[in-house]
Amino acid sequence: MIKLNNLLKIDKATRGLVFLGVFLVFSILFLAFYFYQALNENQIRSNNQTLSKQIELAGKETEKSFNSMYDDMLFFINNLENWTYERTGNEMKAFEGRARRIFNNHRDLLDTIIVDFPNHRVSFYFDNKNTFVRQFREKQPIELDNLNNILTLKKPEKDLSFLIYLNLQRFADNQLANYYLGSESSKFMTVSGEIFDLVDDSYFSGFHIDVSSLNYINNNLDIGLKGLVNGVMSNAEGKRISVWIHFYPIKLNPLGKDASLVFIQALNWTSSKAFSTYIYLIIGLLAMVVIVFFILYQFNQSITKSNESLAKSSKEIEELFKRQTLLLQESNGFIYFQNEKNEMISVGDEVKNVLGYDKEDFLINFRSYIAPECVFELREKVSESISRKVEFFKTDFFIFKKGGEKIRVKVFEKLLFDEGGEYKGTVGIFTDIDEQYRTEQERIRSEERFRLVLHSLPDLIFTYDNEANFLDYYVQDSSVLLSPPEDTIGKNVLEVVPGELGQRVYDMFKKAKETGKMQRIDMELQVPVGTRIFETRIFRLDENRLISIARDVTAQKVWEKGLREAMEAAELANKAKSEFLANMSHEIRTPMNALLGIVSLLETTQLNAQQLKYLQLLKSSGKNLSGIINDILDYSKIESGAMSLKPTVFHFKNEIERTFQLFEGLLKEKEIDFSLQYNGEIPVFVEVDREKLVQVISNILSNSIKFTAKCGKVSVSLSCEDIIDDTVMLLFEVKDSGIGIPQDKIQQLTEPFFQLDGSNTREYQGTGLGLAISKKILELMGGDLLIESQEGIGSTFSFSVFAKAITIDSQADDTANKSALQKSDLVPAFGAKYPLQILIAEDNNTNIVFMGMLMDQLGYQVDFVLNGLEAVEAVQKKSYDMIFMDIQMPKLNGLEATQEILKLGLENPPQIWGLSANAFNEDREKAIQLGMSGYLAKPVDIEIIAKTLRSIYLSLHKI
């Protein structure tokens with residue numbers, strides 16, 4: 001009423017100006033309203049056009065992505081074979097790789113793929129840990145509970161079918177993720193009349209489209225038309241929102257279902273976008289209002305100044321209290337007031353939340369809640385502050401909460417004094433700092449424990465600043481330092497560590513600081529107690545400090561040096577032993593080659609019974625000697641770790657039976673009842689080291705036959721266990737009725753050179769290496785050897801090896817059998833059937849004679865040279881189909897001669913086959929690497945030579 005009277009007191013001119021200003025404001029508002037209506041309609045029309053283009057683009061992209069998935073699946077099934085899981089693992093891996101690539105390409109659409117093969121059902125999906133899972137399932141009928149999300153593909157001619165579970169909602173959600181419609185909007189998808197919202201926490205959650213709009217949408221979608229309609233969304237609570245509804249039909253042809261995309265946007269959001277268009281109009285309007293109110297303010301300043309000043313002060317006080325309340329709530333504290341007697345006269349309402357006491361209770365009894373051990377110290381501090389007339393006072397102490405819990409609190413007080421300096425009381429802030437206090441105490445205890453640990457370590461520990469200046473140390477024995485540790489404080493590393501080593505250490509500090517990674521350096525220093533080697537690690541302790549930990553490793557380095565020297569000596573000794581064995585093998589095998597070769601030639605001649613008996617005895621003795629040499633070489637390779645496996649694929653049963661056939665003569669001679677039994681399903685072909693497996697079987701079987709008396713029994717049992725995929729374990733059991741083994745000797749039986757009877761008069765001969773070598777080979781092949789025996793009853797040798805079951809055509813092994821040569825083939829007509837030009841490089845006269853006889857027997861006219869140099873000259877004068885090249889020869893050895901011949905660049909270079917007494921695998925591999933076509937270890941017989949010549953002839957003529 002007062003303001004109105006003051007306004008009426010204004011003169012007429014001023015009053016006219018005020019009314020004119022008001023009229024102008026209302027005029028502008030009137031014009032702005034109608035202009036806003038026109039622009040708003042234009043904004044809505046433009047927005048609808050944009051949404052129509054967006055939904056059309058989204059629909060086309062969705063159809064394209066879905067059709068891309070369908071095309072990939074068609075290509076997948078059309079290129080799939082029904083035997084994928086019936087053959088090798090390569091087809092399975094390729095199939096599963098393609099399945100995973102399709103999943104990766106269409107991860108948002110595909111949920112699960114079930115593939116039905118004639119004999120298998122396999123499913124693929126990603127589990128909750130985002131792991132791609134392949135799972136075999138039983139072939140049972142599948143209940144199709146949601147046909148909208150299932151796609152079926154079939155290939156009847158191959159009996160293949162795909163059942164594809166689709167996640168259409170996730171697919172649509174990902175397809176439309178990049179289309180932003182606004183905060184009061186949402187995206188939907190319909191499939192066969194079912195509609196689902198694609199936006200999490202959708203603005204229209206719980207709302208439904210009105211029936212009229214829904215019918216309009218469905219009628220247009222049924223005939224494949226896109227469009228928009230102004231409709232209403234309502235929920236169960238009766239809330240209604242006017243919306244624009246844009247719809248677009250999409251074709252998911254393989255599903256055969258009607259589907260569409262729907263964009264819905266609230267009308268009020270569309271209208272609100274027009275608001276920014278009128279920002280300048282609003283600014284102008286506000287400017288007019290400010291001008292009007294400024295005029296009014298000028299005329300009413302004298303009246304309103306005091307009111308405004310009071311309002312401002314009230315607002316500041318209110319804001320101050322708000323900030324104070326927020327601060328106290330944040331710091332878990334409250335305000336209190338005390339009088340000159342230090343009696344509590346007022347306390348904030350927050351005391352209830354902080355300590356649990358009511359205000360009245362705390363005002364009266366607050367002193368009794370202070371922990372007894374803190375009362376005296378607190379009273380002394382307060383008295384001292386008052387006597388010194390300090391302006392501010394702070395301290396912390398323990399106090400009990402209402403529940404009895406003792407906590408640490410802090411008080412900050414402003415002491416109040418009158419003009420005469422008399423104490424009038426305090427105003428203070430009481431804060432709960434219990435959590436911070438306990439954390440700080442734990443930090444202090446942790447630092448103490450850390451210091452105790454550092455002081456107990458034997459290592460030399462120093463801390464530094466970021467410039468590598470010494471800060472602190474933890475040293476147990478200062479006698480191993482360059483100088484006393486206290487003298488290093490404040491100095492730089494370059495001042496303490498001398499010369500080039502100091503620069504290296506300093507560089508390590510820089511690298512540790514820059515990279516944040518630990519650096520390691522070994523330092524050899526001359527300290528007062530002598531030469532010491534320190535292993536030092538440098539790393540960051542925190543942002544401002546680095547730390548070094550040095551350990552005296554002098555003794556360890558000395559031990560390592562001694563160990564290296566011992567290992568080098570052992571390696572030299574092992575190398576010398578290998579060279580000795582190689583030379584001995586060569587010296588023994590060279591005459592042995594001639595001996596056994598001539599024996600094999602004699603067998604092809606006409607002999608009487610007595611001569612045949614002598615010849616067989618000679619051949620048996622030679623083979624036994626060769627076997628002993630092989631055993632010694634094998635054990636030497638095992639000891640040096642040079643033995644390796646060479647897996648090959650072969651017909652398992654045929655190879656086993658061929659091995660047992662080697663013992664037929666001995667079994668008949670001793671009239672031993674021999675039996676072979678296969679238990680369970682045995683793979684036809686296996687991949688394993690055939691040579692090593694035959695060696696183990698032969699060693700163990702010959703052992704059983706040797707120690708089984710005449711008319712005894714020996715039985716062999718074979719079985720197989722599946723391990724994983726195509727990996728199997730082959731199990732062998734050899735049981736005999738021999739003399740048996742004492743229990744205390746069984747463990748020693750697999751030790752090298754061990755004999756049950758070691759005397760010179762023992763009944764059973766042998767080197768004692770057979771079982772030792774067999775056990776080592778079995779361990780190399782992943783198996784083991786188990787021996788069970790009863791003295792006087794017999795023994796059982798059980799062993800196992802890992803192998804891979806292989807599925808191939810059995811004709812391969814039959815072809816190998818048919819390729820074997822008969823004695824009737826080893827006649828001079830052989831050379832006419834497989835004619836070759838042959839050169840033999842050999843320096844040993846005995847072997848020259850033997851090879852000449854052998855070649856005559858086969859019908860070949862050959863040339864001989866005595867060393868590698870002559871071999872190189874010979875091939876330049878005459879064209880040869882093949883060369884038998886001895887390895888160890890004078891002037892130029894066989895390997896060097898091979899390299900020289902290959903360098904000649906002959907138009908038709910001969911095949912070069914090594915022929916040597918060196919039987920180590922590394923010798924064979926080296927020869928092949930240097931260019932030889934093959935390698936034969938002495939002794940060789942006529943059949944091996946004949947097979948080699950035939951294979952060379954067939955390869956040269958590509959037969």
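Model, not experiment: these values are computed from the prediction.

K.L.:
What exactly am I supposed to notice about the overall build of the protein here?
P.N.:
When helices and strands are counted, the protein shows 26 helices and 33 strands. Intrachain contacts of the protein at a sequence separation of at least 6 include 60% that bridge at least 24 residues. Looking at the protein as shown, the accessible area adds up to about 55200 Å², and 53% of this sits on carbon and sulfur atoms.

K.L.:
For this particular structure, what's the right way to read the pairing of strand β28 (residues 794-806)?
P.N.:
Residues in a regular strand project their side chains so that they alternate between the two faces of the sheet. The sheet contact formed by strand β24 (residues 685-688) and β28 spans three bridges and is antiparallel. Paired with E687 across the two strands is K804, which belongs to β28. Where strand β27 (residues 784-790) and β28 come together, seven bridges link them in antiparallel fashion. Counterpart to E788 in the pairing with β28 is T796. Counting the residues between successive antiparallel strands, the hairpin from β27 to β28 contains three residues, one of them, G792, with a positive phi of roughly 85°.

K.L.:
Mind showing me how you'd approach the UniProt feature "modified residue: 4-aspartylphosphate" (unreviewed entry) in the protein here?
P.N.:
Here, UniProt's "modified residue: 4-aspartylphosphate" (unreviewed entry) annotation points to D886. Ignoring anything within four residues of it in the chain, the contact list for D886 reads A841, E842, D843, G894, L915, S916 and K938.

K.L.:
Explain helix α24 (residues 894-903) to me, please; I cannot follow it from the model alone.
P.N.:
Along an α-helix, residues three or four apart share an orientation, since each turn contains 3.6 residues. Burial in α24 covers these residues: G894, L895, A897, T898 and I901. For α24, the arc enclosing every buried residue in end-on projection is 160°, short of the 170-degree limit, so these residues lie on one face. Among the residues of α24, the N-terminal cap falls to N893, whose side-chain oxygen and the backbone nitrogen of L895 are separated by 3.1 Å. Count one or two residues on from α24 and you reach G905, which has phi positive near 65°.

K.L.:
How should I be thinking about the nonpolar core in this particular structure?
P.N.:
Side chains that are nonpolar tend, in soluble globular proteins, to be buried together. Formed by 46 residues in total, the largest nonpolar core has its most connected members in F66, M73, F124, F162, I164, L166 and M189. In terms of nonpolar packing, the next biggest core, distinct from the first, is built from 36 residues, F663, V686, V688 and V696 among them.

K.L.:
Is there a simple way to think about the packing of helix α16 (residues 652-661) against helix α18 (residues 690-706) in this case?
P.N.:
When two helices pack together, their arrangement is given by the angle between their axes and by how far apart the axes lie. Axis separation between α16 and α18 bottoms out at 10 Å; the angle between their running directions is 40°. With respect to α18, the axis of α16 lies oblique. For the element pair α16 and α18, the recorded crossing hand is right-handed. Judged by residue contacts, F652, E655, I656, R658, T659 and F660 of α16 engage R690, L693, V694, I697, S698 and L701 from α18. In terms of residue class, the contact of α16 with α18 is built from seven nonpolar, two polar and three charged.

K.L.:
When you look at the sheet that holds strand β20 (residues 530-540) in this model, what are you seeing that I'm missing?
P.N.:
Picture the strands of a sheet paired through backbone hydrogen bonds; they go either parallel or antiparallel. Taken in spatial order, the five strands line up as β18-β17-β21-β20-β19 in an open sheet, and their pairing is antiparallel. With one partner strand each, in any of the chains shown, β18 (470-474) and β19 (519-527) form the two edges of the open sheet. When the angles between neighbouring strand axes are averaged without regard to direction, this sheet yields 25°. Summarising the sheet, strand β17 (residues 460-465) and β18 pair through four bridges and their orientation is antiparallel. Opposite I461, over in β18, you have Y474 as the bridge partner. Taken strand by strand, helix α13 (residues 499-515) contacts β17, β19, β20 and β21 (545-552), and its axis lies near 155° from that of β19.

K.L.:
Would you mind showing me how to read the sheet that holds strand β16 (residues 423-432) here?
P.N.:
Reading across from one edge, β13-β12-β16-β15-β14 is the order of the five strands in this open sheet, with antiparallel pairing throughout. The strands lining the two open edges of the sheet, one partner per strand, are β13 (344-347) and β14 (392-400). Recorded for the sheet is a direction-independent mean angle of 25° between the axes of neighbouring strands. Where strand β12 (residues 333-338) lies against β13, three bridges are found, and the strand directions are antiparallel.

K.L.:
Sorry, what's going on with a nonpolar patch on the surface here?
P.N.:
Together, F392, F412 and I429 make up a nonpolar patch on the protein surface, roughly 260 Å² of accessible area in all. Along the chain, the position of F392 falls in strand β14.

K.L.:
Sorry, what's going on with the confidence of the model for the protein here?
P.N.:
As a general rule, the predicted coordinates of low-pLDDT regions are not to be interpreted in detail. Averaged over every residue, the pLDDT of the protein is 78; residues scoring 70 or more account for 75%. Note on residues 810-818: pLDDT under 50 across the span, and seven contacts to partners over four residues away in sequence or across chains.

K.L.:
Where do I start with the packing of helix α22 (residues 845-858) against helix α26 (residues 942-956) in this structure?
P.N.:
Orientation of α22 relative to α26, taken along the N-to-C sense of each, is 60°, at an axis distance of 11 Å. For the element pair α22 / α26, the angle class is oblique. α26 is crossed by α22, and the crossing has right-handed handedness. Taking contact as the criterion, the partners of M851, L854, M855, Q857 and L858 in α22 are, on α26, I942, I945, A946 and L949.

K.L.:
Help me understand the pattern of salt bridges in this model?
P.N.:
Note that side chains of opposite charge can pair when their charged atoms are close. A complete count under the given rule lists 30 salt bridges for this structure. Among the ionic pairs, E56 bridges to K60, the shortest N-O distance being 3.3 Å. Residue E56 and its partner K60 are both found in helix α2 (residues 12-78); the two are separated by four residues, about one turn of the helix. Judged by relative accessible area, which is 23%, E56 ranks as partly exposed. Taking the relative accessible area as the measure of exposure, K60 reaches 45% and is therefore partly exposed. Connected through salt bridges with shared partners, the residues R520, D522, E535 and R537 form a single ionic network.

K.L.:
What should I look at first to understand the environment of N867 in this one?
P.N.:
Tracing the backbone shows N867 in the loop between β30 (862-865) and α23 (868-877). Take N867: its relative accessible area is 4%, and that puts it in the buried class. Separated by 30 residues in sequence, N867 and A897 place their C-alpha atoms 8.7 Å apart. Looking at N867, its side chain comes within polar contact range of the main-chain nitrogen of L869, at 3.0 Å. Polar contacts involving the side chain of N867 include one to the main-chain amide nitrogen of E870, which spans 2.8 Å.

K.L.:
Whenever I open this one, unusual backbone geometry confuses me. Can you help?
P.N.:
Glycine aside, the phi torsion of most residues is negative, and most peptide linkages are trans. The backbone of A468 shows a phi angle near 70°, a positive value even though the residue is not glycine. Turning to its location among the elements, A468 is positioned in the loop between β17 and β18. Relative accessible area serves as the criterion here: at 2%, A468 is assigned to the buried category. One non-glycine residue, E671, lies in the positive phi region at around 55°. Given a relative accessible area of 47%, E671 falls into the partly exposed group.

The rules behind these values
- Residues numbered from 1 in each chain as written.
- Predicted model: local features only at pLDDT ≥ 70, side-chain atom pairs only at ≥ 80, totals over all residues.
- Heavy atoms only, no water.
- Helix = DSSP H or I, 4+ residues; strand = E, 2+ residues; numbered from the N terminus.
- Contact = heavy atoms within 4.5 Å.
- Areas by Shrake-Rupley, 256 points an atom, 1.4 Å probe, with all protein chains shown as cover.
- Pairing = 2+ DSSP bridges.
- UniProt positions renumbered as here; feature names shortened; annotations may be inferred.
- Buried < 20%, exposed > 50% of the residue type's maximum accessible area, 1.4 Å probe, protein only.
- Arc of directions from axis to C-beta.
- Polar contact = N/O pair within 3.5 Å; in protein donor to acceptor, adjacent residues only side chain to side chain.
- Core = buried A, V, L, I, M, F, W, Y, C linked by side-chain atoms within 4.5 Å.
- Axes fitted to C-alpha atoms, helices over the stretch in contact; angles between N-to-C directions.
- Parallel < 35°, antiparallel > 145°, perpendicular 65-115°, else oblique.
- Left-handed = near helix turned anticlockwise from the far one by under 90°.
- Nonpolar A, V, L, I, M, F, W, Y, C, P; charged D, E, K, R; others polar.
- Patch = residues over 30% accessible without salt bridge, like charges linked within 9 Å, V, L, I, M, F, W, Y side chains within 5 Å.
- Salt bridge = Lys/Arg side-chain N within 4 Å of Asp/Glu carboxyl O.
- pLDDT = per-residue confidence, 0-100.

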